[in-house]
Amino acid sequence: MKVLVIGSGGREHALVWALSQDPDVEQVVAAPGNPGIAALQPAYDGQTVVCRPVDISDHNAVVALATEVGCDLVVVGPEAPLVAGLADPLRAAGIAVFGPSGEAAQIEGSKAFAKDVMAAASVPTGRAYVCTTPEQAAEAIDAFGPPYVVKDDGLAAGKGVVVTSDREEALEHAAGCEQVLIEEFLDGPEVTLFAITDGVTVLPMQPAQDFKRLADNDEGPNTGGMGAYTPLPWAPEKLVEEITEKVLQPTVDEMRRRGTPFRGLLYAGLALTSRGVRVIEFNCRFGDPETQALLPLLKTPLGGLLYAAATGKLEDQVPLNWSTGASVAVVVAAKRYPANPRSGDVITGIEQAEAGGVRVFHAGTAVEDGELVTAGGRVLAVTATGKDLDEARQRAYAGVGQILIKGSQHRTDIALKASRGEIELAQ
């Protein structure tokens, strides 16, 4: 099988790497890819990993590339091209695609749409008001009271949400959004659960937890994610079964009932509240950096799994097989991230870190004058596995310590509480 992976970030690097471990995958083409993907060595004899330039917003160019390379499967990584409908012309050309149609991707593209789907499917979620004027937003904010949860209705690269007890900050964020959701605050720890689906069958992965705040102790501004870990030793027994039954399967069934079946990766962001599981948000693709933590533990070959979902044959797929132990991914971000990340700083130490047993996934890197440099806010995800979270953490942070980027920043507490047997309340 030949697989084309669309995207250039850390999530796509992890997907390409995992696909390269599948003995049934002959070639992985990343478009446009990144320097980390370009440096991947073939995992099996005769297999190749290559990067090809393409404008992922140009649907015709992507279809032409997929046709040229003779791919059997296209995996669309980022949310923006999915919401823009990239999967539709690919399917129209007879190419199997792992990723939802443009209509189905609105489950991430519009939080108001997602709330409507959840209401129709009786999926538990927080109460929310959809507001289009400052007056409506102020009324909703005052109706709920602090802490205030204000969400941009559209795509915002994981940074469109403000959770604050400062009313003025909440109003300011709402004023900057064309349409905004004001939601009730959901207490309790947050959990991410990915589900692979062909529009009928739902196959959940194991849960992970993402850390959104920039600084230790969940302080600082929201980011696209500063680290993740899996599994969750504190999670309630049968949590995955409960989420599948109450959230994932009803949502997939409702999407199919509407005539917009969801085929691809359904990402459920959840809060384990004092009143039970509640959905915070849905995304229409693999999450970043949870993907970088999850895939190193997945033993089921990824290529065959995604192809089964893309071709409507997921019911024939046996349950997923996972390695024992734990995985921790720590994001190394550029100076001034997330407000105004600096680019062009030289990156050294990746080879030494990987020689120590970690895997470094590139998210925002480039090659300039023969040197690897920063080219984005979240630069790298340093991932390590171990027999438990404590060992995985030690290995991951040892790897982070060997990587040098001027002015870089990272959290030092990813999975710290969980490794001590405590519940992580990561927000």
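The structure under discussion appears in the preceding block.
Described in the following lines is the structure provided in the data block.

Scoring rules and cut-offs
- Residues numbered from 1 in each chain as written.
- Predicted model: local features only at pLDDT ≥ 70, side-chain atom pairs only at ≥ 80, totals over all residues.
- Heavy atoms only, no water.
- Helix = DSSP H or I, 4+ residues; strand = E, 2+ residues; numbered from the N terminus.
- Buried < 20%, exposed > 50% of the residue type's maximum accessible area, 1.4 Å probe, protein only.
- Contact = heavy atoms within 4.5 Å.
- Polar contact = N/O pair within 3.5 Å; in protein donor to acceptor, adjacent residues only side chain to side chain.
- Phe/Tyr/Trp six-rings, centres within 6.5 Å; stacked < 30°, edge-to-face > 60°.
- 1 Å grid on protein atoms, 1.4 Å probe; cavity = no way out; pocket = protein on both sides within 12 Å on 5 of 7 lines; lining within 4 Å.
- Points joined across faces, edges and corners; volume = space filled by probe spheres on them.
- Nonpolar A, V, L, I, M, F, W, Y, C, P; charged D, E, K, R; others polar.
- Pairing = 2+ DSSP bridges.

## Describing the environment of Y267
Structurally, Y267 is set in strand β16 (residues 264-273). Classification of Y267 as buried rests on a relative accessible area of 4%. It is 27 Å that separates the C-alpha atoms of Y267 and A140, two residues lying 127 residues apart in sequence. When sequence neighbours within four positions are dropped, the list of residues in contact with Y267 reads T192, L193, F194, E281, F282, N283, R285, G287 and E290. Side chain to side chain, Y267 and E290 meet in a polar contact 2.9 Å long.

## Some remarks on the packing of aromatic side chains
Applying the stated criterion to the full structure yields six aromatic pairs. Note on F98 and F286: the rings are 6.0 Å apart at their centroids and 35 degrees apart in plane angle, and the pair reads as tilted. A residue pair is termed long-range when its members are at least 10 positions apart, and F98 in strand β5 (residues 96-98) and F286 in the loop between β17 (276-283) and α11 (290-294) qualify at 188 residues. An angle of 45 degrees between the planes, with centres 6.0 Å apart, marks the rings of F211 and Y229 as tilted. Within this pair, whereas F211 is found in the loop between β12 (209-210) and β13 (213-215), its partner Y229 is found in strand β15 (residues 227-230), the two being separated by 18 residues in sequence. On the basis of relative accessible area, F211 is assigned to the buried category, the value being 1%. On the basis of relative accessible area, Y229 is assigned to the buried category, the value being 0%. A connected cluster of aromatic rings, assembled from ring pairs, spans F98, F194, Y267 and F286.

## Considering empty space enclosed by the protein
Over the atoms a probe the size of a water molecule is rolled, and this reveals where empty space is left. Using the criterion set out here, one finds one cavity of 30 Å³ or more in the structure. Contributing to the lining of the largest cavity are V75, V76, L82, F98, G99, P100, L265, C284, R285 and F286. In the lining of the largest cavity, the residues fall into eight nonpolar, one polar and one charged.

## A word on the pairing of β17
When you tally the buried positions in β17, you get six out of eight residues, the bulk of the element. Sheet topology places β16 next to β17; seven bridges connect them, and they run antiparallel. Looking at β17, one finds that Y267 is bridged to N283. Here β16 hands over to β17 after two residues, the two strands then running antiparallel side by side.

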